[in-house]
Amino acid sequence: MKIAQPGKKFVYGGLGIAGACILASFWIYCWFFCLLAGAAFVFSCFSAYFFRDPERPVNLKPEEIPSPADGIVLSVRREGPADVVTIRIFLAIWNVHVQRAPIGGRVEKIHYQPGNFALAMKPEAVNNERNSIRIGQEG
């Protein structure tokens, strides 16, 4: 299975630390190096799971739009002065965290909004960090 590019540093970094600790435990036997190697290996495995990027075959009718992410759709509504359709999807820790472009088109605007990290189901999550991408028709 593929690993998303941003996650590779965590996966390989964890494996590198685990390997170095295993080598250190042979050279200077100490239970701490064994414990650290185990923790680094578990971190690496979790990172590989979290940043997995499976292939998603899509067999849809032309009028259908696939979901851009795994997870639970919290809302679909029109928002703002431009009356754009906004889809909010909650990703649990076991969901694939790779976001896909659900439709073809031209990227008109990308807006990064720094913010908080409140739980997605709480009302204060409206102030969470996010990235908005506006996709228009291809011209």
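The coordinates are above.
My aim in this report is to walk through the structure given alongside it, one point at a time. (Residues numbered from 1 in each chain as written. Predicted model: local features only at pLDDT ≥ 70, side-chain atom pairs only at ≥ 80, totals over all residues. Heavy atoms only, no water.)

So, the state of the cysteines
The tally for this structure, following the rule as stated, stands at zero disulfides. Free of any disulfide, Cys21 has its nearest neighbouring cysteine sulfur in Cys34, separated by 9.0 Å. (Disulfide = S-S within 2.5 Å.)

Focus: the environment of Ala118
Here Ala118 is to be found in the loop between strand E3 (106-113) and strand E4 (130-136). When the C-alpha positions of Ala118 and Glu129 are compared, they lie 9.1 Å apart, and in sequence the two are 11 residues distant. When neighbours within four sequence positions are excluded, Ala118 is seen to be in contact with Glu124, Ala125 and Asn128. (Helix = DSSP H or I, 4+ residues; strand = E, 2+ residues; numbered from the N terminus. Contact = heavy atoms within 4.5 Å.)

Structural notes on the packing of aromatic side chains
Inspection of the entire model under this criterion finds five aromatic pairs. Between Phe50 and Phe51, the aromatic rings sit 5.1 Å apart at their centres with planes inclined by 80°, giving edge-to-face as the arrangement. Counting every residue linked through ring pairs, the aromatic cluster contains Phe10, Phe43, Phe46, Phe50 and Phe51. Above the plane of the ring of Tyr49 lies Arg52, whose end atom (NZ or CZ) is 4.0 Å from the centre. (Phe/Tyr/Trp six-rings, centres within 6.5 Å; stacked < 30°, edge-to-face > 60°. Lys NZ or Arg CZ within 6 Å of the ring centre and 35° of its normal.)

Observations regarding the pattern of salt bridges
Throughout the structure, instances matching the rule amount to five salt bridges. Lys2 is the salt-bridge partner of Asp53, the closest N and O atoms lying 3.7 Å from each other. One end of the pair, Asp53, is in the loop between helix H2 (31-50) and strand E1 (72-79); the other, Lys2, is in the segment before helix H1 (5-27), and 51 residues separate them in sequence. Arg100 is the salt-bridge partner of Asp53, the closest N and O atoms lying 3.2 Å from each other. (Salt bridge = Lys/Arg side-chain N within 4 Å of Asp/Glu carboxyl O.)

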